[in-house]
Amino acid sequence: MNKEMEDYKPSGKRLEVSAVALRKGNLNRNPKCETVICSNKNVQTMRLVISALCVLVLFSCAVAYDPLDPNGNITVKWDVMSWTPDGYVAVVTVHNFQMFRHIMNPGWTLGWTWAKKEVIWSMVGAQATEQGDCSKFKGSIPHCCKKTPTVVDLLPGVPYNQQFSNCCKGGVVAAWGQDPSQAISSFQVSVGQAGTTNKTVKLPKNFTLLAPGPGYSCGPAKIVPSTTFLTPDKRRKTQALMTWNVTCTYSQFLARKNPTCCVSLSSFYNETITPCPSCACGCHNKKNCVKSESKILRMVGAHTPKKDNEPLLQCTHHMCPIRVHWHVKVNYKDYWRVKITITNFNYRMNHSLWSLAVQHPNLNNLTQVFSFNYKPLLPYASINDTGMFYGTKYFNDLLMEAGPTGNVQSELLLQKDKDTFTFKQGWAFPRKIYFNGDECMMPQPDTYPFLPNSAPPSLITSPASIFLLLFFLAVW
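Note that the coordinates shown come from a computational prediction; the quantities given were computed from them, not determined experimentally. (Residues numbered from 1 in each chain as written. Predicted model: local features only at pLDDT ≥ 70, side-chain atom pairs only at ≥ 80, totals over all residues. Heavy atoms only, no water.)

Let us now look at the state of the cysteines. In total, this model carries eight disulfides according to the counting rule given. A sulfur-sulfur separation of 2.0 Å characterises the disulfide bridge that pairs Cys 261 with Cys 440. Residues Cys 261 and Cys 440 are joined through a disulfide that is left-handed, its torsion about the S-S bond being -95 degrees. Of this pair, Cys 261 sits in strand S14 (residues 261-267) while Cys 440 sits in the loop between strand S26 (438-439) and helix H4 (457-461), and the two are 179 residues apart along the sequence. Look at Cys 261 and you get buried, because its relative accessible area is 0%. Disulfide pairing places Cys 262 opposite Cys 276 at an S-S distance of 2.2 Å. In this structure, the disulfide formed by Cys 262 and Cys 276 twists by about 85 degrees around the S-S bond and is classed as right-handed. (Disulfide = S-S within 2.5 Å. Helix = DSSP H or I, 4+ residues; strand = E, 2+ residues; numbered from the N terminus. Buried < 20%, exposed > 50% of the residue type's maximum accessible area, 1.4 Å probe, protein only.)

With that settled, consider the nonpolar core. Grouped together as the largest cluster of nonpolar side chains are 36 residues, with contacts concentrated most on Trp 78, Tyr 88, Leu 110, Phe 187 and Val 189. In terms of residue count, strand S13 (residues 242-250) provides more of this core than any other element does, five residues in total. Residue contacts for Leu 110: discarding those within four places in its chain leaves Val 76, Val 92, Pro 149, Thr 150, Val 151, Phe 187, Phe 207, Thr 208 and Leu 209. Counting residues in hydrophobic clusters, the runner-up holds 33 residues, among them Trp 354, Leu 363, Phe 389 and Ala 428. (Core = buried A, V, L, I, M, F, W, Y, C linked by side-chain atoms within 4.5 Å. Contact = heavy atoms within 4.5 Å.)

The four strands are arranged S5-S6-S3-S8 in an open sheet whose pairing can be described as antiparallel. The open sheet is flanked by strand S5 (126-128) and strand S8 (205-210), the only strands paired with a single partner. Direction aside, the axes of adjacent strands within the sheet are offset by 20 degrees on average. In terms of strand pairing, S5 meets strand S6 (residues 150-153) through three bridges, oriented antiparallel. Across the sheet, Gln 127 pairs through a bridge with Val 152, a residue of S6. (Pairing = 2+ DSSP bridges. Axes fitted to C-alpha atoms, helices over the stretch in contact; angles between N-to-C directions.)

Along the polypeptide, His 95 turns up in strand S2 (residues 87-96). Apart from the residues within four sequence positions on either side, His 95 is in contact with Asn 73, Ile 74, Thr 75, Lys 77, Ala 183 and Ile 184.

Let's shift gears to the packing of aromatic side chains. Under the criterion given, the structure shown has 23 aromatic pairs. Considering the side-chain rings of Trp 78 and Trp 112, the 5.1 Å spacing of their centres and the 85 degrees angle between planes classify their relative orientation as edge-to-face. Taken as a pair, Trp 78 in strand S1 (residues 74-84) and Trp 112 in strand S3 (residues 109-113) lie far apart in primary sequence, 34 residues in all. Classification of Trp 78 by relative accessible area gives buried; the value is 0%. A residue is classified by how much of its surface remains accessible, and Trp 112, at 2% relative accessible area, is buried. Taken together, Trp 78, Tyr 88, Trp 112, Trp 114, Phe 207 and Trp 244 form an aromatic cluster joined through their ring pairs. (Phe/Tyr/Trp six-rings, centres within 6.5 Å; stacked < 30°, edge-to-face > 60°.)

Let's shift gears to the environment of Asn 407. Secondary-structure assignment places Asn 407 in strand S24 (residues 407-415). Exposure remark for Asn 407: the relative accessible area of 30% places this residue in the partly exposed category. Residues Asn 407 and Thr 343, 64 residues apart in the sequence, show an inter-C-alpha distance of 4.3 Å. The contacts of Asn 407, once residues within four sequence positions are left out, are Ile 342, Thr 343 and Leu 399.

That bond from Asn 105 to Pro 106 is cis: its omega, 15 degrees, falls within 30 degrees of zero. Looking at the secondary structure, you find Pro 106 in the loop between S2 and S3. Between Ala 211 and Pro 212 the backbone carries a cis peptide bond, its omega angle lying at -10 degrees. Within the fold, Pro 212 resides in the loop between S8 and strand S9 (216-218). Of note in the backbone geometry, Cys 279 takes a positive phi value of approximately 55 degrees without being a glycine.

Here you go:
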């Protein structure tokens, strides 16, 4: 063994000496050592390349992929309905195909860049926010002459001659999973100085979507088969002259640095309440928060939303606009009950059409929901562990601003599965929770309310317990 070690050491020294000589530029190079060093460098280079590719793939997937709604997106469809002397008339439709993420107030904002020198002659059901420089036009003045127009929906109550089907909701669009009939918004646009045939029309590019804030990335416009339409009597089909689609996907990472909601937990079997993590939504608003009894709240305009949607938060340790509390309430023989409470801590925001997406393995046996609407989400057909809760219309579909009425709550009754059900290791608590499409910050698993392993010591060491124990022993 010693002889083998002695034979090994000189070879290591020769390799080290050869490498040093190679670094110094010695002409008497050892070909074997040079081959070993080159191969090591190649291996390190390949590892760096593979690592970089893996990071890029993971990042690209994270930007526009939601595991609870893998097919969710907003599709903007352009249907050319007729040609004009210098362009075309198109119907633009915004489809929200996201299951639990709606477009809330102040609504969507759609922008793009014209491929040539197009102008917007007129619009019905929407309007461009700026007209731009139209000084070169004589007589009829276009609605918008900007190279990069920005379009918004009209507000409710506009005159009938300015309305179009599925328009004029202030840009508010429901989630597809919540109400498909309201998950659409559309307007009509007349484009001039554009192509007048399918071959001469140039598609707009660089689409942007705010819904209402950032977070959406839009791909290029792609020509698709023309949309077909049924006549009112449903006996004849017509079709658009030309159709192209733009697909926009959402990423919470692009939308904001911090979460907008957090989750707290409690249970009947443990007195400990696990609160939201401290500064779960960032503490950048800590200096501007107000206490619940502050005089600022009685000032005129304190509750009025700002143009940039800057919140006025109640001072809390988590500094989140929304808190979702999950309480394991009761344990029955074949069922168990959970209470969910959603609390609003923003004094400047009412949440209409709110939604709550929850991932929990026992949702496949959800028996009853007492005051929320419920719809199972099946992102993967074989797994039924995700569901969406939302308010009942005219009852609790509006989550009011922070204050005494700034909360909604419901209870769930779930049937036990004897093969999987347990209260151990935090199984009774949700895996993920989303509010209005944004994932909420969960507490650390080691802080969850735990299931006691035995009776509390106080029940054994109390004088009454000791007396009863001695009494039964004496009788026995």
